[in-house]
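Observations on chain architecture
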Amino acid sequence: MGKTVGIDDMAAYLPKLYVDAEELAKERNIPPSKITKGLGLEKLAIPDAHEDAATMAAMATLELMEKNDLSPKDIDFIEIATETSPDASKPISCYVQGMLEQIYGRGSFDHVGAPETKFACVGATYALIDRLAYIASGWNKAEYSIVVATDIARYRLNSSGEPTQGAAAIALLLKENPRLLAYEPEFTGFGTIDDRDFFRPVESKTAVVDGQYSIGCYLRDMRIAADAYKRNMVKLGVLKSLRESVVEKINLAAFHTPFPKMAQYAFASFLIHDWRSLPKWKKIIEKIGPEPSREGLSDVEFYISEEYKNFRRKFMKTEEFQSEYKSKIENSLIALRQIGNSYTASVWLGVESHFETRNDDLAGKRFGIGSYGSGSSAIVCSFIVQPEYKEVVKKMDLMRKLDERQRIPIDVYEDLHEGRLKLHESVIPPKNEFALVSFGNKSYDCGYRYYRYIT
Ligand code: CAA
């Protein structure tokens, strides 16, 4: 038996601005219900002119350190996962280190390791596993490591991806014997396929996405990873055979959520796959009809076929699905409906949303994670909620932050989206926060980002 390692605490950062999803729909001549009900989104978080993925990550890390009374010498690594890094060479983590040293003193973090990790939206989960393995190996020199997920999800104006934008960061504090979530490394399953569902060429500020295809890739990779997770459970005797249900072993879960309906698609597809060999499946298909045939279709073609989507819609209306969904997934989406996509941060914000909105006792429960990144890869893994988790949850305040934001009109959102506001023209001028204040314009620093903590 190795060391128990995991997540000790988390701190989220949200931009203070948002766009109302209904208002955006009306402006784009889309029925508002398509976004609010069809995609499940109410508000989209929008970064101000002085913000980028680095300032958001620094803000989340600062809050995490302050609320846990940590000093730089307590920290071994600051590893940041993002797919919207402002620089193609310098890691965002080093920019963040520099910002933190404005608070803690120049050179105060010179002992840390500070890499950047990239794998689209699954990057933070990869970074987390790497760092936890490092702590479990005993190679760490300080008690804590921090992994930060930070991203700005941005698509072209008027594109079908536009209603699924958003932005956020979340910093995760990792250590041995954590107070919140203990990792179960032995079950972790991966599913990776070289694909082209979503990418962002380095010269572009917005992603290129094949929307429906990306949904199929998400479901395919998640199934591969879930199968691997289940096989590991069988190998270790938690399940007797592959015919048993893995979902029954998981008490609550969060999925990568580009838009809340996607988490519902994912969970429904998970259950359909998991329940197919159980006695109760017969009763379900008596009610909704048989699952369509896959013959002649690739996995992705099958998942995005009208036949499968119709079958899944019917399944999602059954009381069997509804009761599992309400007890295991629904709370993760309470915050995510009001944020939109935040790529790497999304699944971890879903975890915090569960913790802040559930009143039942979660101690000892198995918390499942379904993390997906385009390109493409999924990770299915799990944690056990620790007995002292309530003490940690008391100091979480994502829900308060959601309530304290300012709504911006569509023309202001478009100005921000298109970079028409200068760094000093923020909608809410920065106060007690890190801000991007200028870009270098000399031959030796052209394009370099200068950040300052503004009091
Ligand atoms: N009222 C209510 N619901 C409506 C409606 C209306 N008037 N009109 C449509 N809907 C429903 C549809 O029925 C559908 O729901 P069901 O599947 O439950 O029936 C839902 O709204 C969505 O409709 P469409 O699939 O037709 O939506 P779309 O194709 O126009 O766009 C999208 C959806 C593909 C996700 C698009 O927003 C997009 O490209 N987003 C960016 C890519 C993305 O998020 N992909 C997700 C997987 S990839 C990933 O996860 C990585 C990542 O973060 C990007």
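Here's what I pulled together on the structure shown here. (Residues numbered from 1 in each chain as written. Predicted model: local features only at pLDDT ≥ 70, side-chain atom pairs only at ≥ 80, totals over all residues. Heavy atoms only, no water.)

Now for the overall build of the chain. Within the chain, the regular secondary structure consists of 16 helices and 17 strands. The C-alpha radius of gyration of the chain comes to 22 Å, within 12% of the 23 Å expected for a compact globule of 455 residues. With the C-alpha coordinates aligned to their principal axes, the bounding extent of the chain is approximately 70 × 55 × 40 Å. Relative to its full complement of 455 residues, the chain shows a buried share of 59%. The long-range fraction of contacts in the chain, counting pairs at least 24 apart against all pairs at least 6 apart in sequence, stands at 77%. Element-wise, carbon and sulfur atoms account for 50% of the exposed surface of the chain, whose accessible area totals about 19,000 Å². (Helix = DSSP H or I, 4+ residues; strand = E, 2+ residues; numbered from the N terminus. Rg over C-alpha atoms; globule rule 2.2 N^0.38 Å. Buried < 20%, exposed > 50% of the residue type's maximum accessible area, 1.4 Å probe, protein only. Contact = heavy atoms within 4.5 Å. Areas by Shrake-Rupley, 256 points an atom, 1.4 Å probe, with all protein chains shown as cover.)

Here we take up the site of the ligand. Every one of the 27 residues lining the ligand counts as a neighbour, but Lys34, Gln212, Lys261, Tyr265 and Arg313 are closest to it. In this structure, Lys261 approaches the ligand through a side-chain N or O atom, which is 2.7 Å from an oxygen atom. For the ligand, an oxygen atom lies 2.9 Å from a polar atom in the side chain of Asn341. The fraction of the free accessible surface of the ligand (1,100 Å²) that becomes covered by protein chains is 79%. Mapped onto the shell around the ligand, the elements with two or more residues apiece are helix H2 (32-39), helix H6 (211-235) and helix H7 (260-275). When residues of the shell around the ligand are assigned to their parent elements, the largest contribution, 5 residues, is made by H6. For the shell around the ligand, the residue count by class is 13 nonpolar, 11 polar and 3 charged. (Near = heavy atom within 4 Å. Polar contact = N/O pair within 3.5 Å; in protein donor to acceptor, adjacent residues only side chain to side chain. Nonpolar A, V, L, I, M, F, W, Y, C, P; charged D, E, K, R; others polar.)

What follows concerns the pairing of strand E1 (residues 5-13). Within E1, 9 of the 9 residues are buried, which leaves the element mostly enclosed by the surrounding structure. The pairing of E1 with strand E7 (residues 166-176) spans 8 bridges and is antiparallel. When the bridges of E7 are listed, Tyr13 appears paired with Ala169. In this structure, E1 lies alongside strand E8 (residues 181-183), joined through 2 bridges in antiparallel fashion. Across the sheet, residue Gly6 finds its bridge partner in E8, namely Ala182. (Pairing = 2+ DSSP bridges.)

Here the focus is the nonpolar core. Among the nonpolar cores identified, the biggest contains 108 residues, and Leu180, Phe315, Trp348, Phe355, Phe367 and Phe383 are the most heavily contacted of them. In terms of residues, this core owes the most to one element, H7, which gives 10 residues. Each residue touching Phe367, except ones within four places of it in the same chain, is listed here: Leu181, Leu252, Ala253, Ala254, Val351, His354, Phe355, Cys381, Ser382, Phe383 and Val385. Listed in part, the 35 residues of the second largest apolar core include Ala54, Ile92, Phe109 and Tyr451. (Core = buried A, V, L, I, M, F, W, Y, C linked by side-chain atoms within 4.5 Å.)

Our focus in this paragraph is the environment of Tyr95. With respect to the helices and strands, Tyr95 occurs in helix H4 (residues 92-104). If near-sequence neighbours (up to four positions away) are discounted, Tyr95 is found in contact with Ala54, Asp87, Lys90, Tyr448, Arg449 and Tyr451.

Attention shifts here to the sheet that holds strand E3 (residues 43-46). As summarised here, the arrangement of the 3 strands in space is E3-E2-E15, forming an open sheet in which the pairing is mixed. Here the strands that pair on one side only, and so sit at the sheet edges, are E3 and strand E15 (406-407). Sheet analysis places strand E2 (residues 17-20) next to E3, joined by 4 bridges and oriented antiparallel. Each residue of the ladder has a partner; that of Asp20, found in E3, is Lys43.

This part takes up the packing of helix H3 (residues 53-67) against H4. Between H3 and H4, the shortest axis-to-axis distance is 9 Å and the interhelical angle comes to 50°. Our classification of the angle between H3 and H4 gives oblique. Crossing angle aside, the handedness with which H3 passes H4 is right-handed. Here Ala53, Ala54, Thr55, Ala57, Ala58, Thr61, Leu62, Met65 and Glu66 of H3 come into contact with H4, specifically with Ile92, Tyr95, Val96, Met99, Leu100, Ile103 and Tyr104. (Axes fitted to C-alpha atoms, helices over the stretch in contact; angles between N-to-C directions. Parallel < 35°, antiparallel > 145°, perpendicular 65-115°, else oblique. Left-handed = near helix turned anticlockwise from the far one by under 90°.)

A word on the pattern of salt bridges. If you walk through the whole model with that rule in mind, you get 33 salt bridges. Between Arg276 and Glu291 there is a salt bridge; the shortest N-O distance is 2.7 Å. A residue pair is termed long-range when its members are at least 10 positions apart, and Arg276 in the loop between H7 and helix H8 (279-288) and Glu291 in the loop between H8 and helix H9 (299-303) qualify at 15 residues. (Salt bridge = Lys/Arg side-chain N within 4 Å of Asp/Glu carboxyl O.)

Taking 1.5 Å per residue as the helical rise, helix H5 (residues 123-137) with its 15 residues ought to reach 21 Å, and the 21 Å between its terminal C-alpha atoms agrees with that figure. Regarding H5, the residues found buried are Gly123, Ala124, Thr125, Ala127, Leu128, Ile129, Arg131, Leu132, Tyr134 and Ile135. Taken from the residues just after H5, Gly138 is the one with a positive phi, measuring 85°. (Expected span 1.5 Å × (residues − 1).)

Contact pair H7 / helix H11 (residues 319-328): the axes reach a minimum separation of 11 Å and the direction vectors enclose 120°. The orientation of H7 relative to H11 falls into the category oblique. With respect to the hand of their crossing, H7 and H11 are arranged in right-handed fashion. Residues Gln264, Phe267, Ala268, Leu271 and Trp275 of H7 pack against Glu320, Phe321, Glu324, Tyr325 and Lys328 of H11. A class-by-class count of the residues in the contact of H7 with H11 yields 6 nonpolar, 1 polar and 3 charged.

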